[in-house]
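Listed here are the chains, written in short residue letters.
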Amino acid sequence: MSRQIPVGSADELAPGQRKLAFIDGRSIALFNIEGEYYAVENSCPHNGASLAGGQLEGRLLRCPAHGLRFDVATGCMPGKGGLNLATFPIRNVTGRLELSLDDAQPGQCHSQQCGT
Ligand code: FES
């Protein structure tokens, strides 16, 4: 059974907001996009830049360093192939956000495309 880690109150992450969580030595970027919560590794798979401050276009997060884009739901780049960003399940449990590090989901991009 995966460990659910509290990462704060849902009230602290209103639609359009983002924040960082530091868990077990990892930096995780959390987003609320139109009421849906997303959590991704705060390290670009291209060259390790922080993604937390990247520009969002819908669910596509643009890396501030070189501009690659990743779907925060799937970790995929638009189109087929490319680099994969690790994503983590996050859910709202009666107003408390819980994340599972054990269920990180890297490398799903070969069989699906981004929801652009
Ligand atoms: S480090 Fe993110 S695109 Fe290069």
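Residues numbered from 1 in each chain as written. Predicted model: local features only at pLDDT ≥ 70, side-chain atom pairs only at ≥ 80, totals over all residues.

A. Inspection of the sheet that holds strand E2 (residues 18-23) at higher detail. If you walk across this open sheet you meet the four strands as E2-E3-E4-E8, and the pairing is antiparallel. Two strands in the sheet have a free side with no partner beyond their single neighbour: E2 and strand E8 (87-88). Sheet analysis places E2 next to strand E3 (residues 26-33), joined by six bridges and oriented antiparallel. Looking across to E3, one finds that Phe22 is bridged to Ser27. (Pairing = 2+ DSSP bridges. Helix = DSSP H or I, 4+ residues; strand = E, 2+ residues; numbered from the N terminus.)

B. Region of interest: the sheet that holds strand E6 (residues 60-62). Read across the open sheet, the three strands follow the order E5-E6-E7; overall the sheet is antiparallel. The sheet terminates laterally at strand E5 (55-57) and strand E7 (69-71), the two strands that pair on one side only. The mean inter-strand angle of the sheet, taken between neighbouring strand axes irrespective of direction, is 30°. (Axes fitted to C-alpha atoms, helices over the stretch in contact; angles between N-to-C directions.)

C. Layout of unusual backbone geometry. Phi at Asp24 is positive, roughly 50°, even though this residue is not glycine. As for its position among the elements, Asp24 is in the loop between E2 and E3. Phi is positive for Thr94, close to 45°, though the residue is something other than glycine. The residue Thr94 is located in the loop between strand E9 (90-93) and strand E10 (96-100) in this model.

D. Up close: the pairing of strand E4 (residues 36-41). The element E4 is extensively covered by neighbouring structure, given that five of its six residues are classed as buried. Sheet topology places E4 next to E8; two bridges connect them, and they run antiparallel. Paired with Ala39 across the strands is Phe88, a residue of E8. (Buried ≥ 20, exposed ≤ 12 C-beta atoms within 10 Å, placed from the backbone.)

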